[in-house]
Amino acid sequence: GAGVSQSPRYKVAKRGQDVALRCDPISGHVSLFWYQQALGQGPEFLTYFQNEAQLDKSGLPSDRFFAERPEGSVSTLKIQRTQQEDSAVYLCASTSKVEGSYGYTFGSGTRLTVV
Amino acid sequence: AQSVTQLGSHVSVSEGALVLLRCNYSSSVPPYLFWYVQYPNQGLQLLLKYTSAATLVKGINGFEAEFKKSETSFHLTKPSAHMSDAAEYFCAVSFNDYKLSFGAGTTVTVRA
């Protein structure tokens, strides 16, 4: 597609519920990233994929967070047993380059509200 | 650890006035530097980037930024603010790897 597409745009989850957030990167982009943006803050790195390989998951806050990209294209971020502190905008980004000098293309994000 | 600091969480300017957003990074090694803009309920859009070529970088929408190694700064400027510039602006840094570290952001409001 023309840009990075994320769905759903908005998600309200009851505390304890599992959620799955989807990201469709730009076609052919090798690298895919997930970031978490809390209200009033800058985005924080969660995890990085190069094709289907998850090369860095050091930013995932807990073992309730899980990300996958099985075919090297679409990615899903799953949060189990959601907590109120998980409320944030989850941003997906992709780039055709591996190195960090290129800059990313970001999606519009999924706003997760845990009640 | 590398970090980036944006001075001023809110900036208010008059339409037609200079926009100046400050960003400083902490590192002994010049990083890659970026400015992103975020409009309400949207993702981040790349304004410009510094990747060790020219120190004065021109971006989209009339914005530019100057890399000053001696001051470890990468301030963003626009000579004449437009109402459409009202948004949140993020400075970000990368050290030749894949991660971006973002500042806390600066919200710009433009007064008519």
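Residues numbered from 1 in each chain as written. Chains lettered and ligands numbered in written order. Predicted model: local features only at pLDDT ≥ 70, side-chain atom pairs only at ≥ 80, totals over all residues. Heavy atoms only, no water.

Colleague: Can you explain the interface of chain B and chain A? Please cite residues and give values.
Modeller: Contacts between the two partners involve 20 residues from chain B and, on the opposite side, 25 residues from chain A. Roughly 1,700 Å² is buried in total at the junction of chain B and chain A, and carbon and sulfur atoms are behind 53% of that figure. When the area that chain B buries against chain A is broken down by residue, the three leading residues are Asn41(B), Leu44(B) and Tyr98(B), summing to 34%. The shortest N-O distance in the salt bridge between Asp56(A) and Lys99(B) comes to 3.3 Å. At the junction of chain B and chain A, the tally comes to seven residue pairs in polar contact (both at pLDDT 80 or more). For the side of chain B that touches chain A, the elements supplying multiple residues, two or more each, are strand 4 (32-38), strand 5 (44-50) and strand 9 (87-94) of chain B. (Contact = heavy atoms within 4.5 Å. Buried area = accessible area lost by both parts, 1.4 Å probe. Salt bridge = Lys/Arg side-chain N within 4 Å of Asp/Glu carboxyl O. Polar contact = N/O pair within 3.5 Å; in protein donor to acceptor, adjacent residues only side chain to side chain. Helix = DSSP H or I, 4+ residues; strand = E, 2+ residues; numbered from the N terminus.)

Colleague: Can you tell me about the packing of aromatic side chains, naming the residues and giving the values?
Modeller: The final tally for this structure, using the stated rule, is 17 aromatic pairs over all chains. Between the aromatic rings of Phe33(A) and Tyr48(A), the centroid separation amounts to 5.0 Å while the plane-to-plane angle is 15°, which identifies the pairing as stacked. On the criterion of sequence distance, the pair formed by Phe33(A) in strand 4 (residues 31-37) and Tyr48(A) in strand 5 (residues 44-50) is long-range, its members being 15 residues apart. Pairing Tyr25(B) with Phe67(B) gives two aromatic rings, centres 6.0 Å apart and planes at 15°, and the pair type is stacked. Taken together, the residues span a long stretch of sequence, with Tyr25(B) in strand 3 (residues 19-26) and Phe67(B) in strand 7 (residues 64-68) at a distance of 42 residues. Residue Phe67(B) is classed as buried on the basis of its relative accessible area, which comes to 7%. (Phe/Tyr/Trp six-rings, centres within 6.5 Å; stacked < 30°, edge-to-face > 60°. Buried < 20%, exposed > 50% of the residue type's maximum accessible area, 1.4 Å probe, protein only.)

Colleague: Help me get a handle on the state of the cysteines, residues and values and all.
Modeller: Residues and elements named next belong to chain B. With the rule as written, the count across this model stands at two disulfides over all chains. In this model Cys23 forms its disulfide with Cys91; the gap between the sulfur atoms is 1.9 Å. Around the S-S axis, the bridge from Cys23 to Cys91 shows a dihedral of about -65° and counts as left-handed. On the criterion of sequence distance, the pair formed by Cys23 in strand 3 and Cys91 in strand 9 is long-range, its members being 68 residues apart. Judged by relative accessible area, Cys91 falls into the buried class, the value being 0%. (Disulfide = S-S within 2.5 Å.)

Colleague: Tell me about the sheet that holds strand 3 (residues 19-24) of chain A, and name the residues and values.
Modeller: Residue and element names in this part refer to chain A. Pairing is antiparallel in the open sheet, where four strands are placed in the order 1-3-8-7. A single partner strand is all that each edge strand has here, and the edge strands are strand 1 (5-7) and strand 7 (65-68). Neighbour-to-neighbour, the strand axes of this sheet turn through a mean angle of 15°, independent of strand direction. Pairing of strand 3 with strand 8 (residues 75-79), which is carried by five bridges, proceeds in the antiparallel orientation. When the sheet's bridge partners are listed, Arg22 is paired in strand 8 with Thr76. (Pairing = 2+ DSSP bridges. Axes fitted to C-alpha atoms, helices over the stretch in contact; angles between N-to-C directions.)

Colleague: Quick rundown of the layout of surface pockets? Include the residues and the values.
Modeller: Within this model, the largest pocket holds a volume of roughly 420 Å³. Forming the walls of the largest pocket are 22 residues, and the residues nearest its centre are Gln37(A), Leu39(A), Val89(A), Arg111(A) and Gln38(B). Secondary-structure elements contributing two or more residues to the lining of the largest pocket are strand 9 (88-95) and strand 11 (110-114) of chain A. Within the lining of the largest pocket, the residues separate by chemical class into eight nonpolar, 11 polar and three charged. What the second largest pocket holds in volume is close to 190 Å³. Lining the second largest pocket are 13 residues, and of these Glu44(A), Phe45(A), Lys99(B), Leu100(B) and Ser101(B) sit closest to its centre. Counting residues per element, the ones that place at least two in the lining of the second largest pocket are strand 5 of chain A together with strand 9 and strand 10 (101-102) of chain B. The class makeup of the residues in the lining of the second largest pocket is six nonpolar, four polar and three charged. (1 Å grid on protein atoms, 1.4 Å probe; cavity = no way out; pocket = protein on both sides within 12 Å on 5 of 7 lines; lining within 4 Å. Points joined across faces, edges and corners; volume = space filled by probe spheres on them. Nonpolar A, V, L, I, M, F, W, Y, C, P; charged D, E, K, R; others polar.)

Colleague: Quick rundown of the environment of Glu71(B)? Include the residues and the values.
Modeller: Assignment of secondary structure puts Glu71(B) in the loop between strand 7 and strand 8 (73-78). Sequence separation of Glu71(B) and Ile60(B) is 11 residues, and the distance between their C-alpha atoms is 24 Å.

Colleague: Before we move on, can you summarise the nonpolar core with the specific residues and values?
Modeller: In terms of nonpolar packing, the biggest core is built from 26 residues, with Leu21(B), Trp35(B), Leu47(B), Leu48(B), Phe74(B), Leu76(B) and Tyr89(B) touching the most fellow members. Elements with a contribution of two residues or more to this core: strand 2 (10-14), strand 3, strand 4, strand 5, strand 7, strand 8, strand 9 and strand 11 (106-111) of chain B. When neighbours within four sequence positions are excluded, Leu48(B) is seen to be in contact with Leu33(B), Phe34(B), Trp35(B), Val57(B), Lys58(B), Gly59(B), Phe63(B), Glu64(B), Ala65(B), Phe74(B) and Leu76(B). Membership of the second largest hydrophobic core comes to 20 residues, among which are Leu46(A), Ile79(A), Cys92(A) and Val114(A). (Core = buried A, V, L, I, M, F, W, Y, C linked by side-chain atoms within 4.5 Å.)

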